[in-house]
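An overview of the molecular structure
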Amino acid sequence: MTNLEALIKKCVSQSHIKQFHAHLVATGKFQFCSSRTKLIELCALASDKDVVIARAMLGQTRWPVTNDWNAVIRGLANSPEPTEAITLYCTMKRKLHRPDALTCSFVLKACARGLASIEGMQIHSQCARYGFLGDMLLRTTLLDVYAKAGVLDYAQRLFDEMPVRDVAMWNALIIGQAQGGEPNEAISLFRRMRSEEMRTRLKPNEVTVIGALSACSQLGAFTEGEKVFEFIRSENLDLNIQVSNVVIDMFAKCGRVERAYEVFSKMRCQKSLVSWNTMIMAFAMHGCAIKALELFGKMDEEDIFPDEVSYLSVLCACNHAGLVEDGVRLFNTMAKKGVKPNIKHYGSVVDLLGRAGRLHEALEIISSMHTDPDIVLWQTMLGASKTYGNIEMAEIASGKLKEMGSKACGDFVLLSNIYAARERWDDVGRVREAMKSKDVRKIPGFSYIDVGGIMHKFVNGDYNHPSWEEIYRKLDEIRFKIREYGYVAETNFVLHDIGEEDKENALCHHSEKLAVAFGLISTPEGTSIQVIKNLRICGDCHAMIKLIAKIYNREIIVRDRSRFHKFKDGECSCRDYW
DNA sequence: CTAGGGTTAG
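Cut-off values and rules
Residues numbered from 1 in each chain as written. Chains lettered and ligands numbered in written order. Predicted model: local features only at pLDDT ≥ 70, side-chain atom pairs only at ≥ 80, totals over all residues. Heavy atoms only, no water. Helix = DSSP H or I, 4+ residues; strand = E, 2+ residues; numbered from the N terminus. Buried < 20%, exposed > 50% of the residue type's maximum accessible area, 1.4 Å probe, protein only. Contact = heavy atoms within 4.5 Å. UniProt positions renumbered as here; feature names shortened; annotations may be inferred. Axes fitted to C-alpha atoms, helices over the stretch in contact; angles between N-to-C directions. Parallel < 35°, antiparallel > 145°, perpendicular 65-115°, else oblique. Left-handed = near helix turned anticlockwise from the far one by under 90°. Nonpolar A, V, L, I, M, F, W, Y, C, P; charged D, E, K, R; others polar. Patch = residues over 30% accessible without salt bridge, like charges linked within 9 Å, V, L, I, M, F, W, Y side chains within 5 Å. Areas by Shrake-Rupley, 256 points an atom, 1.4 Å probe, with all protein chains shown as cover. Salt bridge = Lys/Arg side-chain N within 4 Å of Asp/Glu carboxyl O. Lys, Arg positive; Asp, Glu negative; His and termini not counted. Charge placed at Lys NZ, Arg CZ, Asp CG, Glu CD. Near = heavy atom within 4 Å. Polar contact = N/O pair within 3.5 Å; in protein donor to acceptor, adjacent residues only side chain to side chain. Pairing = 2+ DSSP bridges. 1 Å grid on protein atoms, 1.4 Å probe; cavity = no way out; pocket = protein on both sides within 12 Å on 5 of 7 lines; lining within 4 Å. Points joined across faces, edges and corners; volume = space filled by probe spheres on them. Phe/Tyr/Trp six-rings, centres within 6.5 Å; stacked < 30°, edge-to-face > 60°. Lys NZ or Arg CZ within 6 Å of the ring centre and 35° of its normal. Domains from an automatic or database assignment.

1. Looking at the overall build of chain A
Broken down by element type, chain A carries 31 helices and six strands. By its C-alpha atoms, chain A is 95 × 60 × 55 Å across when sized along the principal axes. Counting across all 578 residues of chain A, residues that qualify as buried make up 52%. In chain A, the share of contacts with a sequence separation of at least 24, taken over all contacts with a separation of at least 6, comes to 63%.

2. Here's the deal with the UniProt feature "repeat: PPR" (unreviewed entry) in chain A
Taking the numbering used here, the UniProt-annotated feature "repeat: PPR" (unreviewed entry) corresponds to residues 166-200, 240-270, 272-306 and 307-341. With 86% helix and 0% strand, residues 166-200 has its two end C-alpha atoms placed 9 Å apart. In this annotation, residues 307-341 is assigned 71% helix and 0% strand; the end-to-end C-alpha distance for the span is 10 Å.

3. Some thoughts on the packing of helix 15 (residues 222-234) against helix 16 (residues 241-253)
Closest axis-to-axis distance for the helix 15/helix 16 pair is 10 Å, and the angle between their directions is 155 degrees. Taken together, the axes of helix 15 and helix 16 lie roughly antiparallel to each other. In the packing of helix 15 onto helix 16, the handedness of the crossing is left-handed. Here F222, G225, E226, F229 and I232 of helix 15 lie close against helix 16, whose contacting residues are V243, V247, M250 and F251. Class assignment for the residues of the contact of helix 15 with helix 16 results in seven nonpolar, one polar and one charged.

4. Overview of a negative patch on the surface
A cluster of like negative charges, contributed by D300, E301, E302 and D303, occupies part of the molecular surface. Counting through the fold element by element, E301 comes out in helix 19 (residues 289-301).

5. A word on the protein's contact with DNA strand B
Residues in close proximity to DNA strand B total 41 residues, the closest being R74, D166, N171, Q179 and N245. When the atoms of DNA strand B within 4 Å of the protein are sorted by group, sugar and phosphate make up 45%. K148 places a side-chain nitrogen or oxygen 2.8 Å from a phosphate oxygen of DNA strand B. Contact distances for DNA strand B include 3.2 Å between a base oxygen and a side-chain N or O atom of N277.

6. Some points on the packing of helix 8 (residues 117-130) against helix 9 (residues 136-149)
The interhelical angle for the contact between helix 8 and helix 9, taken along N-to-C directions, is 155 degrees, at an axis separation of 10 Å. Regarding the angle of helix 8 to helix 9, the classification is roughly antiparallel. Crossing angle aside, the handedness with which helix 8 passes helix 9 is left-handed. Each of S117, G120, M121, H124 and C127 in helix 8 lies in contact with helix 9, whose residues at this interface are L138, L142, V145, Y146 and A149. Across the contact of helix 8 with helix 9, the residue classes break down as seven nonpolar, three polar and no charged.

7. What about the side chain of H345?
The residue H345 is located in helix 22 (residues 343-355) in this model. Looking at H345, its side chain comes within polar contact range of the main-chain oxygen of E308, at 2.7 Å. In this view, H345 contacts E308, Y311, L312, L315, F331, M334 and K340; residues no more than four positions away in its chain are not counted.

8. Remarks on the sheet that holds strand 3 (residues 529-533)
The mixed open sheet is built from six strands, whose spatial order is 2-1-3-4-5-6. Two strands lie at the open edges of the sheet, namely strand 2 (454-459) and strand 6 (571-572), each paired on one side alone. Pairing geometry for strand 1 (residues 446-451) and strand 2, over six bridges, is antiparallel. Paired with F446 across the two strands is V459, which belongs to strand 2.

9. A closer look at the layout of surface pockets
A water-sized probe rolled over the atoms picks out the places where empty space is left. Roughly 520 Å³ of internal volume is contained in the second largest pocket. If you go around the second largest pocket, you meet 18 residues; those closest to its centre are Q179, I210, S214, Q242 and V246. Of all the secondary structure elements, the ones that give two or more residues to the lining of the second largest pocket are helix 11 (167-179), helix 14 (206-219), helix 16 and helix 18 (273-285). With seven residues, helix 14 is the largest single contributor of residues to the lining of the second largest pocket. For the lining of the second largest pocket, the class distribution of residues is five nonpolar, nine polar and four charged.

10. What to know about the packing of aromatic side chains
One pass over the structure, following the stated rule, counts 16 aromatic pairs. Centroid distance F446 to Y448: 5.9 Å. Interplanar angle 80 degrees. Geometry classified as edge-to-face. The exposure class of Y448 is buried, given its relative accessible area of 8%. Among the aromatic residues, those joined into a ring-pair cluster are Y261, F264, W276 and F283. Stacked on the ring of F159, the Lys or Arg R165 has its end atom at 4.2 Å from the ring centre. One cation-aromatic arrangement involves K271 over F264; the distance from NZ or CZ to the ring centre is 5.1 Å.

11. Re unusual backbone geometry
Most peptide bonds are trans, and most residues other than glycine sit at a negative phi. Positive phi is not limited to glycine here, since L115 has a value of about 50 degrees. Within the element layout of this structure, L115 appears in the loop between helix 7 (101-113) and helix 8. Assessed through its relative accessible area of 53%, L115 is described here as exposed. Look at D303: it is not a glycine, yet its phi comes out positive at around 60 degrees. You can call D303 exposed: its relative accessible area is 62%.

12. Concerning the environment of G114
Within the fold, G114 resides in the loop between helix 7 and helix 8. Taking the relative accessible area as the measure of exposure, G114 reaches 28% and is therefore partly exposed. For the pair G114 and T83, spaced 31 residues apart in sequence, the C-alpha to C-alpha distance is 5.8 Å.

13. Structural notes on the pattern of salt bridges
With the rule as written, the count across this model stands at 22 salt bridges. Within this structure, E395, R424, D427 and R430 form a network of salt bridges that share partners.

14. Side note on the pairing of strand 3
Consecutive side chains along a regular strand alternate between the two faces of the sheet. Where burial is concerned, most of strand 3 is hidden: five out of the five residues are buried. Judged by which residues are buried, strand 3 turns out to be covered on both faces: I529, V531 and K533 on one side and Q530 and I532 on the other are all buried. Judged from the three bridges that link them, strand 1 and strand 3 form a sheet pairing that is antiparallel. In the sheet register, I449 faces strand 3, and the bridge partner there is V531.

15. Notes on the domain arrangement of chain A
Per the domain assignment, the segments of chain A are domain 1 (165-270), domain 2 (342-442) and domain 3 (446-572). If you average the C-alpha positions of domain 1 and of domain 2, the two centres end up 39 Å apart.

The structure is reproduced here in C-alpha cells:
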C-alpha cells in the first residue's frame, strides 16, 4: 500500500499521471482501486493543469466516494478559477452525494477566493442544516467569505457569536476590515486583541500584524504603525517577506520614505518582486523619480524580472515628477520586454501626456488601445482638458462618460467648471441641471490627520469635530491673511462634492483644509503637518495649501490617492500643472 | 503532518 502510494506520488511529481491513469484503467483497477482516490488527491493539488485531469478522472469514476469529490473541489478552490469548485459542489449535490464538513470547508474557501457571498450564504444555511457550524475551521472560512466579500456585519456577527476564538478567526476579521474599507475598525480590533491577550492567551502573529499594518497604511497612521512595528520587534515576530513588504508599504504611506528604504535595504530574507515594486512605488509616491528609476534599473542586476506592477510604479514615478519623455519611453519598451500594458498603464501614460498638455497624443494612445477604455481613463482626459481649458477635448471625454453612464459628481462638476472658466453660463446651467435630474453619486471626500496618535477624521463641510469652532476661526484667519498678503486664491473654486448653495463657503469646506487648520492649531511650530485624503486633491486646494505653508512657514504634507504633496516655502515637491 | 487567516496597483 505504501509502496503504491509512493509510486503514485512519483508519477504525479514526474507528470506521468496519464500513463499511470491508463495503467489503472487497463488493468481494470481504476473503478475499484482505493489508490485511485489517492491519485486524484495528489493530482488535484499538484498544479492548476493537473486539477483538470483530476476532474476528468472524477468524471470517469463510477462510484466516487466523498474523498474523491473533496479532493477535486479542494484543488479547484485553490486554482485561479475558484468558482469552478462551486459548480462541482452543485454537481455533487445533484447526484445526491451528501457533502461532509470538509467538502463545505473547501467550497467555502472557493467562495472566499471568488468573492461569492451569495453562494456563501446558501452554503452557510446548508451547513447549518447538516450541523457543521460547530466546526471552528469551517466557521473561520465562512467568516472569511463574508469578510472578503465586504459583508462585514455578517462577519462581525459570526465573530461575536463564537464563545472561544483562535488566532485565525481574529486575523480573518482584522484583515477583512482592513481590506474592506474599515481600517479604523481593524486597528481597534487589533488593539482589543492585545488588551485581551492575558485572558484569551492569544497573541497576534505575523498574519495579524499584516492586517493591522495595512490598516495603518491606508490611514497614514504613523504613530499606530510604528507601535505595531515595535510590537513585531519586541515579540520577535518573523520579519518574513510578506511582513517586511507590508512594513515598507506602511512607512511609505505614512510619509517616511527613508524608513521604508531602511527596512528594504536591511531585509534579511530574499526580496521578492513585491518588495521591489512596493519600494519603487514608495519612491514614486514621494516624487523621488530618480531613485525609483535607479531601483528599477537595479532589478535587472539582481535577475528580477519586472512585471506589470513594476512598470506601473515606474510610470507613476515619471508621472509625478513630470518626466514625460522617460515615461513614454518606458511605456513603449514594456511590450518588447514581454509585459503587456493593461488599462492602468494606459491611464498612467494618458495622465502623463495630459498633464503635459499633449492632449492629442493622449487621445491617440486611447484610440490605439486593444482593450476598451474605462471610466477612469476618460475622467483622466477630462481632468487634463480642464487643466488646459480645452473645451473640445472636454466635450469628447464627457460625451464618452455620459455614454458609459458615469454618475460621479466630479465629472459633472469638472465639465461645468470648464464652461465657467470660458464664461459659457448657459452650458454651465445645462450641466448643473443634468446633475440634479439624475441620481448623481456623491463621493464623500474625507481626510485624516494624526494628532497625538489619534486619527482625526474630517468630511467636507464638517462641523462634528469637538474643536470645530476653533477650526473655523483658524480658517477665517487664513482667509484674512491671504487677502492681507495680497494673494489671489479665492477665484475659480472647484465645487467638488458640495452643492451650489455652498459656493460662498467653498473655501472652508474641503476636508483637507479642515484637517490642515486643525493641524495648525494642535501641533507645535516647526513640526510638519501631515494629512491623508481619500480623493485626489484638486487644483484650488493645492494652491490654497501652498499658500498656507508659506504664510505660516510650516511644512505641510498632503497624501491623496496616489501621491504625496509636500508643501514648503511656497513650493510643492511634486510637479503639477494647475 | 492532514481543512481556516497574508503584502504591491491609474
